[in-house]
Amino acid sequence: LAAQDEKLDAWDKVRDEIGPAAVDARLAGYRDGVENQVKRVDELARTALGLAEGARTELTRVEQDLDRDPGRMWRELVGPTVQLMGEDTVGSGVLLQSERVAGTDEYRTYLITAWHVVRDIQASAESLEAPVPVTIYTPDKSVTAETATLLEHDAEIDAALLVLRTKRQIECGAKLASRERLASARIFDRIYAVGCPLGNDPIPTYGEVADTHHVVDGQRYWMISAPTYIGNSGGGVFDARTHELLGIFSKIYTHGSVRPTVVPHMGLATSLIPIYDWLDKVGYASLEPARVSAQTASAQR
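These figures come from a predicted structure and were not determined experimentally.

Rules used in this analysis
Residues numbered from 1 in each chain as written. Predicted model: local features only at pLDDT ≥ 70, side-chain atom pairs only at ≥ 80, totals over all residues. Heavy atoms only, no water. Helix = DSSP H or I, 4+ residues; strand = E, 2+ residues; numbered from the N terminus. Buried < 20%, exposed > 50% of the residue type's maximum accessible area, 1.4 Å probe, protein only. Contact = heavy atoms within 4.5 Å. Areas by Shrake-Rupley, 256 points an atom, 1.4 Å probe, with all protein chains shown as cover. Phe/Tyr/Trp six-rings, centres within 6.5 Å; stacked < 30°, edge-to-face > 60°. Core = buried A, V, L, I, M, F, W, Y, C linked by side-chain atoms within 4.5 Å. pLDDT = per-residue confidence, 0-100. Salt bridge = Lys/Arg side-chain N within 4 Å of Asp/Glu carboxyl O.

### Let's talk about the overall build of the protein
Link 1 in the chain: Along the backbone of the protein there are seven helices and 14 strands.
Link 2 in the chain: Taken over 301 residues, the protein has a buried fraction of 40%.
Link 3 in the chain: Taking as baseline every contact in the protein between residues at least 6 positions apart, the subset at least 24 positions apart corresponds to 60%.
Link 4 in the chain: As displayed, the protein has an accessible area near 17,800 Å², and 53% of this comes from carbon and sulfur atoms.

Here is the structure:
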């Protein structure tokens with residue numbers, strides 16, 4: 001009987017090892033292993049998809065750069081650029097988008113330029129309320145003469161805000177970069193500087209951001225390598241890819257004291273960030289593009 005009991009115990013152990021419970025346990029183990037492998041493969045696939053989408057976006061950007069649209073570039077870079085001219089001085093400015101004045105047939109177009117351009121034009125005027133002559137350029141190569149009124153200025157950041165009031169909508173207006181885009185600006189970012197050097201029609205020149213922390217007389221500027229000259233002051237510095245306005249040209253380096261020589265590739269521009277801060281302070285915060293909230297930016301990342 002004892003021997004039979006031992007055999008029965010042995011058979012019970014074998015049954016437990018090969019019975020349904022054992023098989024179910026092993027299947028559960030295999031199932032967990034397969035699910036973990038599937039999750040790992042899914043994560044790898046998602047990573048690969050993200051890389052592919054990033055590569056596709058970069059490829060699209062490269063294709064856009066290679067297949068540039070001259071018409072679009074003119075409208076978004078040259079079209080918003082205007083010439084401001086006085087009796088003995090010339091400078092540039094950048095038009096913003098025209099907007100219709102509610103309840104009227106009149107259009108209002110704001111213009112940003114360098115304060116010293118307006119100051120020099122109005123040097124012989126009786127007051128700062130004197131109209132500022134503005135030459136607007138159109139795609140068909142014609143020009144229109146208008147006048148603008150000075151609204152606000154800040155000598156410290158060398159910025160001025162003017163307004164044109166016309167019976168027609170001005171076709172071209174600059175797209176303003178967001179604070180987020182401006183804060184991300186780095187050396188080697190590609191840009192276009194557009195202005196009216198020596199009283200010429202607007203001329204776009206290509207270059208890069210050379211420095212974003214260049215300090216002159218206690219004021220911070222961006223240095224750009226795009227060739228500029230006298231008359232570029234007040235013109236725009238644009239993102240070469242998106243054509244967004246990044247800053248307003250202010251100064252240019254010269255060499256020598258007796259007969260100063262202009263150094264064209266060492267221009268200084270005021271970033272739109274201090275200009276936005278100033279506009280907020282003087283009551284024109286609505287001109288600044290809507291800010292992206294931290295929550296939204298986090299979700300997009």
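### Points about the packing of aromatic side chains
Link 1 in the chain: Tallying each qualifying case throughout the model produces two aromatic pairs.
Link 2 in the chain: With a centroid separation of 5.8 Å and an interplanar angle of 75°, the aromatic rings of Tyr110 and Tyr284 are classed as edge-to-face. Of this pair, Tyr110 sits in strand E4 (residues 107–113) while Tyr284 is found in the loop between helix H6 (272–281) and helix H7 (294–300), placing the two residues 174 residues apart along the sequence.

### Let's talk about the nonpolar core
Link 1 in the chain: In this structure, Leu161, Leu245 and Ile275 are the most contacted members of the largest nonpolar core, which totals 38 residues.
Link 2 in the chain: Counting residues per element, the ones that place at least two in this core are helix H3 (70–78), E4, strand E7 (159–166), strand E9 (190–195), strand E11 (219–224), strand E12 (236–239), strand E13 (244–255) and H6.
Link 3 in the chain: In terms of residues, this core owes the most to one element, H6, which gives five residues.
Link 4 in the chain: With near-sequence residues (within four places) excluded, Leu161 lies in contact with Tyr110, Leu111, Ile112, Thr149, Leu150, Leu151, Glu152, Trp278, Leu279, Tyr284 and Leu287.
Link 5 in the chain: Core analysis: the second largest hydrophobic core is formed by 18 residues, Val132, Val134, Ala160 and Leu162 among them.

### Some details on the confidence of the model for the protein
Link 1 in the chain: A residue-level look at the protein finds 89% of positions with pLDDT of 70 or above and a mean pLDDT of 88.
Link 2 in the chain: Confidence drops under a pLDDT of 50 for residues 292–301, and excluding neighbours within four residues, the segment shows two contacts in the predicted structure.

### Describing H3
Link 1 in the chain: Regarding H3, the residues found buried are Met73, Trp74, Glu76, Leu77 and Val78.
Link 2 in the chain: On its buried side, H3 packs onto strand E1 (81–85), strand E5 (132–137), strand E8 (175–176), E9, strand E10 (203–216) and E12.

### Structural notes on the pattern of salt bridges
Link 1 in the chain: Under the counting rule described, the total for this entry stands at eleven salt bridges.
Link 2 in the chain: A salt bridge links Glu288 to Arg179, with the nearest nitrogen and oxygen atoms 2.6 Å apart. Of the two residues, Glu288 is situated in the loop between H6 and H7 and Arg179 in helix H5 (residues 179–183); the sequence distance between them amounts to 109 residues. Like Glu288, the residue Arg179 is buried in the burial classification.
Link 3 in the chain: Here Arg181 and Asp189 are joined by a salt bridge, their closest N and O atoms 3.7 Å apart.
Link 4 in the chain: Salt bridges linked by common partners bring Arg179, Asp277, Asp280 and Glu288 together as one network.

### A word on unusual backbone geometry
What is expected of a backbone is that most residues other than glycine have negative phi and most peptide bonds are trans.
Link 1 in the chain: Positive phi outside glycine occurs at Phe188, with the angle close to 80°.
Link 2 in the chain: Within the secondary structure layout, Phe188 lies in the loop between H5 and E9.
Link 3 in the chain: The backbone of Asp217 shows a phi angle near 55°, a positive value even though the residue is not glycine.
Link 4 in the chain: Its location among the elements puts Asp217 in the loop between E10 and E11.

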